[in-house]
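One letter stands for each residue in the lines below.
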Amino acid sequence: TPRAFSGIQPSGGLTLGNYLGAMRRFVDWQDRGLKEGFETIFCMVDLHAITVWQDPDALRRQTRELAAGYIASGLDPAKSILFNQSQVPEHAQLAWIFNCVARVGWMQRMTQWKDKAGKNQQNASLGLFAYPALMAADILIYQTTHVPVGEDQKQHVELTRDIAAKFNHDYGVNFFPMTEPVIEGAATRVMSLRDGSKKMSKSDPSDMARINMTDDADTIANKIRKARTDADALPCEPKGLDDRPEARNLVNIFAALSDQSIDQVLADVGGKQFSEFKPMLSDLAVAKLSPISTEMARLMQVPDEIDAIIGKGAEKARAIAAPVLKDAYEIVGMIQS
Ligand code: AQP
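Residues numbered from 1 in each chain as written. Predicted model: local features only at pLDDT ≥ 70, side-chain atom pairs only at ≥ 80, totals over all residues.

The protein chain has the name Tryptophan--tRNA ligase in an unreviewed UniProt entry, where Pseudooceanicola algae is given as its organism. According to its UniProt record, the protein chain has this under Catalytic activity (unreviewed entry): "tRNA(Trp) + L-tryptophan + ATP = L-tryptophyl-tRNA(Trp) + AMP + diphosphate + H(+)". (UniProt positions renumbered as here; feature names shortened; annotations may be inferred.)

What follows is the structure, given as structure tokens:
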């Protein structure tokens, strides 16, 4: 039977990239899981967040805000398991085993490591380097078959498969499944509003580069108005977006928010100037995001409720994770009695 798992780091406010590339897809998986009778598990990956410095109070707030974002986007704690990574210690325990299975060379090839460590790799945290082994543990501790993610996480899910395969091979078992990354939809890679070659990211130093899920209508309209574009009108065909990364990005966002294909969007807006298209995009973004941000704000007023929900989620998650860890320890040769 399939099982879907995914996570988001509480390393800052949620962006439109997280919503379109990840959260919205999670809700689709929740619905599919309900229909087909399999479990869906979603997590705030706080252990991943601290691979770069996080202020403790900010981390607590961001973790609750992410939980609120999940719920406001449509994840229902009665339908999916929703929890905080550090409350299920089996993730970190399995990660240690994977640190011993994965090779240094594999980690060195990861583009996220290269991007985030930058030029001064010697000074990056050891956790940032080992990040993909913890992510493999997050996924495999639930024997996950499907991981809905944005394009940027594809390499890490592929590494998860390599780790599972090496574990199975080294110990002569068929224990961990070969997990599939599921990258679907019109916005698997939402780009920065300031630079069409960079991913929209929570940690971008410029707030103008991203739309935050908590931005109000005026802020969203202002950011879209100021978004970088070229001077040409919108094309009528998708191939007219080639070599126009900023235009492509705004059209992709429009398509994703309105549940249309790029062709359908361009059939409507092809030939329009950005001065006309941008207000249409702002109105659409505000219409889709404002009910979510209103509900997030309401939930943030009742942090105890959020904590109770994720506490219960952690119990459900542990009920799956603990036996898997026990079996993995047995396979490795650790005395468990
Ligand atoms: N720009 C994006 N477009 C599409 N999907 C995206 N995701 C993130 N950014 C985009 C997807 O969101 C999920 C959670 O990502 P994450 O927060 O755990 O890590 P990240 O990919 O490193 O996200 P950020 O926003 O860039 O965070 P920071 O700045 O802290 O590194 C993943 O499924 C990801 O694909």
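From this point on, the discussion continues.
**Q** Report on the overall build of the protein chain, specifying residues and quantitative values.
**A** Helix and strand content of the protein chain: 13 helices and five strands. In terms of C-alpha radius of gyration, the protein chain reaches 21 Å, essentially the compact-globule figure of 20 Å for 337 residues. Across its three principal axes, the protein chain shows a C-alpha extent of roughly 70 × 45 × 40 Å. A buried classification covers 42% of the 337 residues belonging to the protein chain. (Helix = DSSP H or I, 4+ residues; strand = E, 2+ residues; numbered from the N terminus. Rg over C-alpha atoms; globule rule 2.2 N^0.38 Å. Buried ≥ 20, exposed ≤ 12 C-beta atoms within 10 Å, placed from the backbone.)

**Q** Account for helix H4 (residues 90–101), naming residues and giving values.
**A** Between its first and last C-alpha, H4 extends 17 Å over twelve residues, near the 16 Å set by a 1.5 Å rise per residue. Glu90, His91, Leu94, Ala95, Ile97, Phe98 and Val101 are the residues of H4 that are buried. For H4, the arc enclosing every buried residue in end-on projection is 160 degrees, short of the 170-degree limit, so these residues lie on one face. (Expected span 1.5 Å × (residues − 1). Arc of directions from axis to C-beta.)

**Q** Tell me about the UniProt feature "binding site: L-tryptophan" (unreviewed entry) in the protein chain, and name the residues and values.
**A** According to UniProt, the feature "binding site: L-tryptophan" (unreviewed entry) maps to Asp138 in the numbering used here. Looking at the secondary structure, you find Asp138 in helix H7 (residues 126–140).

**Q** Break down the pairing of strand S2 (residues 40–44) for me, with residues and values.
**A** Across the five residues that make up S2, a large majority, five, are buried. The alternating pattern of S2 places Thr40, Phe42 and Met44 and Ile41 and Cys43 on opposite faces, both of which are buried. Direction of pairing for strand S1 (residues 4–8) relative to S2: parallel, over a ladder of five bridges. Note on S2: the bridge partner recorded for Ile8 is Met44. Handedness of the crossover is the feature at issue here: the chain leaves S1, passes through helix H1 (residues 16–36), returns alongside S2, and the resulting connection is right-handed. Relative to strand S3 (residues 81–84), S2 runs parallel, the two sharing four bridges. (Pairing = 2+ DSSP bridges. Right-handed = clockwise from strand over helix to strand, strands pointing away.)

**Q** An account of the domain arrangement of the protein chain is needed here, citing residue identities and associated values.
**A** With domains assigned, the protein chain is organised as domain 1 (4–182 + 303–332) and domain 2 (207–298). The straight-line distance from the C-alpha centre of domain 1 to that of domain 2 is 30 Å. In this assembly, eleven residues from domain 1 lie in contact with ten residues from domain 2. Looking at the side of domain 1 that touches domain 2, the element that brings in the most residues is helix H3 (residues 56–73), giving five residues. A breakdown of the residues in the side of domain 1 that touches domain 2 according to their chemical character gives six nonpolar, four polar and one charged. (Domains from an automatic or database assignment. Contact = placed C-beta atoms within 7 Å. Nonpolar A, V, L, I, M, F, W, Y, C, P; charged D, E, K, R; others polar.)

**Q** Could you give an account of the site of the ligand, with specific residues and numbers?
**A** The ligand sits among 21 residues. The nearest are Gly17, Gly21, Gly150, Ser201 and Ser203. Counting residues per element, the shell around the ligand draws most heavily on H1, which supplies four residues. Class assignment of the residues belonging to the shell around the ligand gives a composition of five nonpolar, twelve polar and four charged. (Near = placed C-beta within 6 Å.)

**Q** An account of the nonpolar core is needed here, citing residue identities and associated values.
**A** Ranked by size, the top nonpolar core spans 91 residues in total, and within it Ala67, Leu94, Phe98, Ala136, Ala137, Ile163 and Ile253 carry the most contacts. The two domains that each donate at least three residues to this core are domain 1 (4–182 + 303–332) and domain 2 (207–298). Once residues lying within four places of it in the same chain are set aside, the contact partners of Leu94 are Ala137, Leu140, Ile141, Leu325 and Ala328. (Core = buried A, V, L, I, M, F, W, Y, C linked by C-beta atoms within 7 Å.)

**Q** Can you tell me about unusual backbone geometry, naming the residues and giving the values?
**A** Most peptide bonds are trans, and most residues other than glycine sit at a negative phi. For Asp243, which is not a glycine, the phi torsion comes out positive at approximately 65 degrees. For Asp243, the position within the fold is in the loop between helix H9 (217–226) and helix H10 (245–257). In this structure, Asp259 takes a positive phi of about 55 degrees despite not being glycine. Overall, the presence of 11 C-beta atoms within 10 Å leaves Asp259 in the exposed class.

**Q** Which residues make up the pairing of S1, and what values do they have?
**A** Within S1, five of the five residues are buried, which leaves it mostly tucked inside the rest of the structure. Residues Ala4, Ser6 and Ile8 of S1 are buried on one face, and the alternating residues Phe5 and Gly7, pointing to the opposite face, are buried as well.

**Q** Explain the confidence of the model for the protein chain residue by residue, including any values.
**A** Scored by pLDDT, the protein chain comes out at a mean of 96, with 100% of its residues at no less than 70. Across the interface, the model reports ipTM at 0.94; the global pTM reads 0.94. (pLDDT = per-residue confidence, 0-100.)

**Q** Now, about the environment of Gly37: what can you tell me, with residues and values included?
**A** If you trace the backbone, Gly37 turns up in the loop between H1 and S2. Taking the C-alpha atoms as reference points, Gly37 and Arg3, separated by 34 residues in sequence, lie 9.5 Å from one another.

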